[in-house]
Structure formats: structure tokens, C-alpha cells
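# Overview (structure and organization)
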Amino acid sequence: MTEHSTTEHLTVVNHPMVQHKLSIMRDKTTSTAKFRQLLREISMLLAYEVTRHLPLTTQTIETPMCAMEAPTLKGRKLALVSILRAGNGLLDGILELIPSARVGFVGLYRDPKTLQPVQYYCKLPSELDERVVIVVDPMLATGNSSAKAIDLLKAAGAKNIIFLCLLAAPEGVRRMKEAHPDVPVVTAALDEYLNDHGYIVPGLGDAGDRLYGTK
Ligand code: URA
């Protein structure tokens, strides 16, 4: 099995560790505590993959042996943007790998009449135009809220955006590709379809409820 299956727009991280942890998360008998711990672990592995193509520069350092031109990350600190509330479940693991990342939050709810996402909260790091921005939300379902969040980020100046999720539905991937063809999507799995209630099948249920123990 290769570690990735990549099209131009979508990367599925099919690393065995990611797949194993994801299967335990999907199991409905998995407890809230275990689900939370696994999401933290898996998000660290996904962060490793999502940062694979970050640009490098070099810096002169002295090792105990000699001077060398050592590779270091180029440019401003990364920005992570969590789509509330389930996105927060991905933050801790990613911040363990990238502790100096700046963090923003976007809150959206679905208008019951129009069924379209409406913003209720937005707090973003400065100089977004100079940062790689990683948007995190565990579930790419219809893609409407993800596309809207990225609209907001682009309006705030972001130019280099990557969308990171745990599970994606084909409908959400299509919607994102139409709305934001310049934004690569990275996921641990591409599932089969969305049901009539907008849930991913086979999926894992409501990610926010499973993460926070609400119902
Ligand atoms: N949001 C979730 O939490 N689960 C889904 O299956 C779809 C959207």
C-alpha cells in the first residue's frame, strides 16, 4: 500500500497507522475519551503529511563538528484555522508538531430557511497573505461550510490555503473543487456518500458529539 493516493486536488493519506486509528474512531462503541485521544494522534500524522511540501530555505549554523547550511522552513509562521466546533479536535495534535503556528477560528451555523452557512464568529491571525493557511474540520460533508470558510479567508487576504479533514464525502470534494480549485484537500479517507441528513456514510457519526460527548 502506498502512503498516498493523490489527484491534483485531493490527497488521501492511506498510511497504515492513520487507517488503523481511523477504524477505531469509526467504531460506535469507542468511548469519547478514546475518540478524542485518537483524533489527537491522527491529526499529528495528518499534519506531517499536509506540511510535506512546505518551502525550505537554509540557515548557517555551527554543529559541534563544523559550520553548515542547514534546511529550515521558509517564510512566516503557518496559520491554522479551525472551523468550530469539531475543527478544534484537530488543533492539539497539529500544534504538537507545529507549536509556533498561529491559530484562527471561524464559526458558522446553517440558516434553517436557506440551509446556507452563516458566519457567527471569526478571529484570524494577522498577515494571512504571507502565510500558508491550513483550514481544519474533521468532516468534509456537503462542503458548504468549508467553502464559505475559505471565502472568508480569501477575503481576509489568504492566498495559500490547504484544507485538512479526517473524512471526506465525494459530494464535499466536488463542491470544494468547484468553489476553490486552488485549495488542495487532504483527508484520511474518501467515504461513499452523504445520506439525506447530510451525514457521511459509512462515516463516524457526528464528529462534534463524539469528540465532546454531547448529543
Ligand atoms: N458532520 C459530522 O459531524 N458528521 C458527518 O457525517 C457529516 C457532517
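For the structure itself, look to the data block above.
These numbers come from a predicted model, not from an experiment. (Residues numbered from 1 in each chain as written. Predicted model: local features only at pLDDT ≥ 70, side-chain atom pairs only at ≥ 80, totals over all residues. Heavy atoms only, no water.)

## What about the site of the ligand?
What counts here: A molecule or strand has a residue near it when one of that residue's heavy atoms lies within 4 Å. Any pair of N or O atoms that falls within 3.5 Å is considered a polar contact. Within protein, one atom must be able to donate a hydrogen and the other to accept it, and sequence-neighbouring residues count only if both atoms are side-chain atoms. The Shrake-Rupley method, run with a 1.4 Å probe, gives the accessible areas here. Residue values count only the displayed protein chains as cover. For this scheme, ten residues count as nonpolar: Ala, Val, Leu, Ile, Met, Phe, Trp, Tyr, Cys and Pro. Four count as charged, namely Asp, Glu, Lys and Arg, and the remainder, Gly too, count as polar.
Lining the immediate surroundings of the ligand are Met-139, Ala-141, Gly-198, Tyr-199, Ile-200, Gly-205, Asp-206 and Ala-207. The backbone of Ala-207 places a nitrogen or oxygen atom 2.7 Å from an oxygen atom of the ligand. If the ligand stood free it would expose 230 Å²; the protein chains cover 82% of that surface. Tallied by class, residues from the shell around the ligand come to five nonpolar, two polar and one charged.

## What to know about the pairing of strand 3 (residues 56–62)
As a reminder of what qualifies: Here, any two strands with at least 2 DSSP bridges between them count as paired. Put simply, DSSP H or I for four residues or longer makes a helix, DSSP E for two residues or longer makes a strand, and each gets a number counted from the N terminus.
Relative to strand 4 (residues 67–73), strand 3 runs antiparallel, the two being bridged by seven bridges. For Gln-59, the partnering residue across the bridge sits in strand 4 and is Ala-70. The hairpin turn running from strand 3 into strand 4, its antiparallel successor, is four residues long.

## Considerations on the pattern of salt bridges
Short version of the rule: Definition used for salt bridges: Asp or Glu carboxyl oxygen within 4 Å of a side-chain nitrogen of Lys or Arg. Three exposure classes are used, based on accessible area relative to the maximum for each residue type with a 1.4 Å probe and protein chains only: buried under 20%, partly exposed in between, and exposed over 50%.
Counted under the stated rule, the structure contains 10 salt bridges. With its nearest N and O atoms 2.8 Å apart, the salt bridge here joins Lys-154 to Asp-182. You can see Lys-154 sitting in helix 4 (residues 144–155) and its partner Asp-182 sitting in the loop between helix 5 (170–179) and strand 12 (185–187), a full 28 residues away along the chain. Residue class for Asp-182 comes out partly exposed when judged on its relative accessible area of 44%. Among the charged side chains, a network of salt bridges with common partners joins Arg-76, Glu-127, Glu-130 and Arg-131.

## Here we look at helix 3 (residues 88–97)
Going by this rule: What makes two residues a contact is simply this: any of their non-hydrogen atoms within 4.5 Å.
Within helix 3, the full set of buried residues consists of Gly-89, Leu-90, Leu-91, Gly-93 and Ile-94. On its buried face, helix 3 sits against helix 2 (32–50), strand 5 (79–83), strand 6 (102–110), strand 8 (132–136), strand 10 (160–164) and helix 6 (207–212).

## Digging into the sheet that holds strand 11 (residues 167–168)
Reading across from one edge, 9-11-13 is the order of the three strands in this open sheet, with parallel pairing throughout. Lying at the two open borders of the sheet, with one neighbouring strand each, are strand 9 (139–140) and strand 13 (189–190). Here strand 9 runs beside strand 11; their pairing, made up of two bridges, is parallel. By the bridge assignment for strand 11, Leu-140 is matched with Ala-168.

## So, helix 1 (residues 16–26)
What counts, and what does not: The reported arc concerns the directions from the helix axis to the C-beta atoms and nothing else.
For helix 1, the set of buried residues is Val-18, Lys-21, Leu-22 and Met-25. What you see down the axis of helix 1 is that its buried residues fit within an arc of 105°, all on one side. When the buried face of helix 1 is taken as reference, the exposed residues oriented beyond 90 degrees from it are Pro-16 and His-20. Looking at the packing, one finds that the buried side of helix 1 touches strand 2 (10–13), helix 2, strand 11, strand 13 and helix 6.

## Details of the nonpolar core
Generally speaking, soluble globular proteins have nonpolar side chains that are buried together. As a reminder of what qualifies: Each nonpolar core is a collection of buried residues, namely Ala, Val, Leu, Ile, Met, Phe, Trp, Tyr and Cys, held together in the definition by side-chain atoms within 4.5 Å.
Grouped together as the largest cluster of nonpolar side chains are 38 residues, with contacts concentrated most on Ile-42, Leu-46, Ile-94, Ile-134, Leu-164 and Leu-166. Of all the secondary-structure elements, those providing two or more residues to this core are helix 1, helix 2, helix 3, strand 8, strand 10 and helix 6. Per-element tally for this core: the top contributor is helix 2, with seven residues. Every residue in contact with Leu-166, bar those within four places of it in the chain, is listed here: Leu-22, Met-25, Leu-39, Ile-42, Leu-46, Asp-137, Pro-138, Thr-187, Ala-188, Ala-189 and Leu-204.

## A closer look at the pairing of strand 8
Within strand 8, five of the five residues are buried, leaving the element largely enclosed by the surrounding structure. Burial of strand 8 is two-sided: the residues Val-132, Ile-134 and Val-136 facing one way and the residues Val-133 and Val-135 facing the other way are all buried. Sheet analysis places strand 5 next to strand 8, joined by four bridges and oriented parallel. When the bridges of strand 8 are listed, Ser-82 appears paired with Val-136. Sheet topology note: the strand 8/strand 10 ladder contains five bridges and is parallel. Of the residues in strand 10, the one forming a bridge with Val-135 is Phe-163.

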